[in-house]
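What follows is the residue order along each chain.
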Amino acid sequence: MRHLYTYFRSSAAYRIRIALQLKGLQYEPEFINLLQDENFSDSYLALNPQGAIPAFVEHGEVLTQSMAILEYLEEVHPVPPLLPKSHLERAMARSYAFQVVSDIHPLQNRRVLKYLGDQLGLREEERQTWIHNWIHRGLKSLETRVAQTAGTYMIGRNITFAEICLVPQIYSALRFELDTSAYPTLMAIYTRCMNLEAFQRAAPQNQPDCR
Ligand SMILES: N[C@@H](CCC(=O)N[C@@H](CS)C(=O)NCC(=O)O)C(=O)O
């Protein structure tokens with residue numbers, strides 16, 4: 001059996017939940033409550049010394065880092081594919097995914113926001129300004145890029161790693177009450193994805209640990 005160490009609001013775990021649903025792969029969720037610092041428990045640190053969610057276990061082997069897990073799932077369970085066929089479009093899908101995963105998401109991570117508050121003394125409103133700044137900067141350029149390649153989805157007609165990373169990022173943006181009206185292409189694709197059963201099943205509000 002596969003196990004996914006997950007927290008309903010974790011963007012990085014949400015990516016893996018979407019991919020597992022799209023590929024129709026059963027898994028056992030293992031809930032790690034980030035608000036209760038369960039990611040820093042000895043048992044979880046033994047799995048992932050980085051103390052970050054997700055961790056994914058298959059055949060007793062532990063994998064961490066959501067992009068590495070996505071690549072693994074794509075290689076081991078290639079149907080349905082979550083990357084385009086052509087080399088150029090595969091690179092493009094990864095480029096969109098990494099823009100979210102490497103350049104937007106880390107700046108709004110719990111450990112970063114906690115540091116800004118606890119160590120640097122930023123107030124709640126100042127942290128909100130920080131979050132909005134980095135998400136807006138990221139989504140603005142992503143909107144421009146995606147407007148040039150979008151069809152039904154970010155690259156033509158099929159779902160790829162790009163939407164798998166975009167959707168959790170838009171979920172976070174909405175949770176942080178960001179005005180998304182300047183990103184019509186991204187929001188149309190987000191809505192289209194959220195109409196699909198796999199994305200609905202993976203959504204934070206539909207996880208058993210969402211209380
Ligand atoms: N680059 C990592 C990021 C993992 C990550 O930072 N996960 C967040 C949840 S989305 C986390 O565990 N945060 C806990 C913390 O910041 O203390 C990945 O893509 O898996």
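Look up a bit, the structure's there.
Being a predicted model, the structure only gives us computed values, none of them experimental.

## Some details on the layout of surface pockets
No. 1: Considered as a void within the structure, the largest pocket measures approximately 910 Å³ in volume.
No. 2: L34, H105, Q108, N109 and R110 are, among the 35 residues lining the largest pocket, the residues nearest its centre.
No. 3: When its residues are assigned to classes, the lining of the largest pocket shows 13 nonpolar, 13 polar and nine charged.
No. 4: Structurally, the lining of the largest pocket is a two-domain feature, drawing no fewer than three residues from each of domain 1 (3-80) and domain 2 (87-198).

## Some details on helix α1 (residues 11-22)
No. 1: With 12 residues, α1 should reach 16 Å at 1.5 Å per residue; the first-to-last C-alpha distance of 17 Å fits that figure.
No. 2: Counting buried positions over the 12 residues of α1 gives 10, a clear majority of the element.
No. 3: Those residues of α1 not exposed but buried are S11, A12, A13, Y14, R15, I16, R17, I18, A19 and L20.
No. 4: Positive backbone phi, at 65 degrees, marks G24, one or two positions downstream of α1.

## Observations concerning the environment of P81
No. 1: Looking at where P81 falls in the secondary structure, it is placed in the loop between α3 (66-76) and α4 (87-104).
No. 2: As for P81 and K23, which are separated by 58 residues in sequence, their C-alpha atoms are 8.2 Å apart.
No. 3: For P81, the contacting residues outside a window of four places in its chain are K23, E74 and I159.

Quick notes on the rules
Residues numbered from 1 in each chain as written. Predicted model: local features only at pLDDT ≥ 70, side-chain atom pairs only at ≥ 80, totals over all residues. Heavy atoms only, no water. 1 Å grid on protein atoms, 1.4 Å probe; cavity = no way out; pocket = protein on both sides within 12 Å on 5 of 7 lines; lining within 4 Å. Points joined across faces, edges and corners; volume = space filled by probe spheres on them. Nonpolar A, V, L, I, M, F, W, Y, C, P; charged D, E, K, R; others polar. Domains from an automatic or database assignment. Helix = DSSP H or I, 4+ residues; strand = E, 2+ residues; numbered from the N terminus. Expected span 1.5 Å × (residues − 1). Buried < 20%, exposed > 50% of the residue type's maximum accessible area, 1.4 Å probe, protein only. Contact = heavy atoms within 4.5 Å.

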